[in-house]
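Observations on chain architecture
Next come the chains, spelled out residue by residue.
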Amino acid sequence: MYQFLTEEGKIIYIGKAKSLKKRVSSYFNKVHDRKVSLMVNKVADIHTILVETESDALLLENNLIKEHQPRYNVMLKDDKSYPWIVVRDERFPRIYLMRNPVRDGSQYFGPYTSVVMVRTLLDMMKQLYPLRTCALRLTEENIRKKKFKICLEYHIGNCKAPCEGLQSEEEYNESISQIKDILKGNIASVIQHLRAEMMNHAENYRFEQAEKAKNNINLLERYRSKSTIVNPTISNVDVFSYVEDIQCAYINYLRIVDGAIVQSYTAELTKKLDEDPAELLSLAIADMRGRFSSQSKEVIVPFEPDVLLPDLTYTIPKIREKKQLLELSQHNAKHYQAAKKKHIEITDPGRHENRIMETLKRDLHLSEMPAHVECFDNSNIQGTNAVAACVVFRNTRPCKKDYRHFNIKTVEGANDYASMEEVVYRRYRRMTDEGEALPQLIVIDGGKGQLGAAVNSLEKLGLAGKIAVIGIAKRLEEIYFPGDSTPIYLDKRSESLRLIQHLRDEAHRFGITFHRNKRSKAMIGSELQNIDGVGAKTVTKLLQHFKSTARLQHASEQELEEVIGKQKTAIVIKYFNALKNNNN
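One structure accompanies this document, and this report is about it. Quantities reported herein were computed from a predicted structural model and do not represent experimental measurements.

All right, on to the environment of E353 then. By secondary structure assignment, the location of E353 is in helix α12 (residues 349–363). Given a relative accessible area of 13%, E353 falls into the buried group. When near neighbours in sequence (up to four residues on either side) are disregarded, E353 contacts N395, T396 and R397. At 2.7 Å, the side chain of E353 and the side chain of R397 are in polar contact.

Here helix α10 (residues 277–291) contains 15 residues, and its C-alpha end-to-end distance of 21 Å stays within 8% of the 21 Å for a straight helix at 1.5 Å per residue. The buried fraction of α10 amounts to 12 of the 15 residues, a majority that puts the element mostly inside the structure. Listed in full, the buried residues belonging to α10 are A278, L280, L281, S282, L283, A284, I285, A286, D287, M288, R289 and R291. Among the residues of α10, the N-terminal cap falls to D276, whose side-chain oxygen and the backbone nitrogen of A278 are separated by 3.1 Å. Just beyond α10, the residue with positive phi is S293, at close to 50 degrees.

What follows covers the pattern of salt bridges. Enumeration according to the criterion identifies 25 salt bridges in this entry. Salt-bridge contacts for K145 lead to E141; the nearest nitrogen and oxygen are separated by 2.7 Å. Residue E141 is classed as partly exposed on the basis of its relative accessible area, which comes to 40%. Note that E353 and R397 form a salt bridge whose closest N and O atoms lie 2.7 Å from each other. In this pair, E353 sits in helix α12 while R397 sits in strand β16 (residues 397–398), placing the two residues 44 residues apart along the sequence. Where salt bridges share partners, they join D245, K341, R355 and E495 into one cluster.

What follows deals with the environment of G471. Here G471 lies in strand β19 (residues 468–473). Take G471: its relative accessible area is 0%, and that puts it in the buried class. Here the alpha-carbon distance between G471 and G452, two residues 19 residues apart in the chain, equals 9.1 Å. Ignoring anything within four residues of it in the chain, the contact list for G471 reads I444, G446, L451, E478, I479 and Y480.

Let us look at the pairing of strand β2 (residues 11–15). For β2, the tally of buried residues reaches 5 of 5 residues, placing the bulk of the element in the interior. Here 4 bridges tie strand β1 (residues 2–5) to β2, and the two strands are oriented antiparallel to one another. Residue pairing across strands places F4 opposite Y13, the latter belonging to β2. Hairpin connection between β1 and β2: a loop of 5 residues separates the two successive antiparallel strands, and G9 in this loop has a positive phi of roughly 85 degrees.

Conventions and cut-offs
Residues numbered from 1 in each chain as written. Predicted model: local features only at pLDDT ≥ 70, side-chain atom pairs only at ≥ 80, totals over all residues. Heavy atoms only, no water. Helix = DSSP H or I, 4+ residues; strand = E, 2+ residues; numbered from the N terminus. Buried < 20%, exposed > 50% of the residue type's maximum accessible area, 1.4 Å probe, protein only. Contact = heavy atoms within 4.5 Å. Polar contact = N/O pair within 3.5 Å; in protein donor to acceptor, adjacent residues only side chain to side chain. Expected span 1.5 Å × (residues − 1). Salt bridge = Lys/Arg side-chain N within 4 Å of Asp/Glu carboxyl O. Pairing = 2+ DSSP bridges.

Structure follows, in structure tokens:
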């Protein structure tokens with residue numbers, strides 16, 4: 001175990017290693033990213049602690065991180081705002097809801113994500129076991145001296161008045177023990193105890209007490225039936241899954257007791273350095289098993305943690321129920337991650353956008369934040385009606401008022417490279433002539449050829465090297481850079497690739513829509529030009545008003561007259577009637 005300290009003696013990082021010499025020296029002898037370099041520059045002293053085993057090192061590291069909260073250590077977010085159920089450390093313990101756990105010897109169960117669930121559980125406990133709710137100091141001496149009087153809770157059956165010695169401490173603690181079992185998920189043992197109690201009452205003709213025990217059994221059976229049942233053969237297992245993004249890791253914990261999920265909790269770990277997933281998983285397992293007082297001997301994990309705790313069996317499932325449990329846990333972690341991102345997107349959209357732009361900047365090794373991105377795409381069918389489209393994204397969002405269409409003017413036939421060179425040149429020549437702000441990134445829909453054509457245009461304009469430009473090939477989503485024939489492949493789940501795909505798909509949609517409209521107008525125009533007595537101006541009027549041949553054919557005589565007059569209308573109607581008769 002090692003600790004990095006500043007000149008002021010403040011701990012800024014806590015770590016563990018089998019070989020302290022190799023690990024600690026690596027921070028000072030190797031080239032690291034910006035965060036690690038900043039940390040190393042602040043280190044003035046190093047303290048070490050030797051322990052017997054790796055698991056001891058893991059547990060000590062977890063405790064020291066909680067105590068000192070070093071700036072560069074990954075931090076498990078503490079859910080102090082979530083509700084807990086507390087069993088007080090006192091004679092005749094009280095049980096109630098609490099949001100801020102304190103280390104006073106009391107036992108805490110939770111945290112629960114829903115306060116409604118906590119209140120439901122407490123109401124059920126109240127029905128099962130009459131416990132005190134007062135804050136009286138019930139010492140033996142105070143009870144013996146009769147310092148307290150029974151209250152309304154006793155008279156309405158909610159309490160058995162231990163304050164006046166009407167209930168023994170042994171009987172009260174038996175109820176507390178059963179409540180703890182229920183909160184831990186061990187409902188089967190409580191039901192078994194109540195059944196034995198019910199039978200004992202019945203054999204001794206205490207039928208009222210037997211019926212009360214039966215009602216309590218039914219209440220617990222109904223509560224258990226609402227728990228998510230996975231498989232009765234899977235008992236006392238902990239499940240951990242791992243999901244991460246650039247800034248955080250999300251680890252979900254499912255607790256399985258007697259074949260039912262009795263606890264679900266997702267921890268968020270904020271990354272500080274380039275931590276390994278196996279290291280983060282180890283930290284979370286040690287923390288959450290301690291937090292929830294887990295006694296499970298088997299742990300289901302997606303991959304092996306870097307430190308294996310003793311007396312635990314680690315399972316990486318491949319098939320059947322345990323695999324499904326891991327997938328369920330992972331689904332919970334992904335849902336938590338998506339909900340958090342959605343919340344940030346709604347409440348703080350600037351932070352959401354900045355995170356995506358920072359990710360794109362890092363993944364593409366850009367020199368500046370890509371706040372303004374443009375994407376180009378060509379559209380044609382066998383070289384006819386060739387067009388191109390340019391879409392513009394600002395702060396990761398489409399800016400549709402800045403979208404532009406291009407009719408290809410200088411290229412004959414199907415030549416994607418020449419068409420791309422033309423539209424890129426026209427776009428940025430106009431922007432430079434008019435003094436408009438240029439984008440930080442250009443995305444070309446295509447591979448090396450289209451990218452090279454775009455770079456040629458930028459070189460003619462003197463913009464090569466001033467604007468970052470990439471190409472995205474559709475087959476395997478390869479990302480190409482100018483002058484490099486080897487593409488890179490971004491993670492399929494990364495926000496950078498999703499943004500680039502969004503740009504590409506939006507450019508394709510915008511371009512293909514323009515191409516279809518142009519092709520449709522060309523087809524209508526060529527057909528109308530075959531009508532004797534109808535000139536170019538009349539064709540233009542008809543195209544602008546009716547848009548398609550089908551709408552023109554179904555137009556009434558009055559509609560046509562309003563657009564082109566009576567004489568031209570007669571000619572057009574005569575042409576379409578003759579066309580219809582020939583088809584019949």
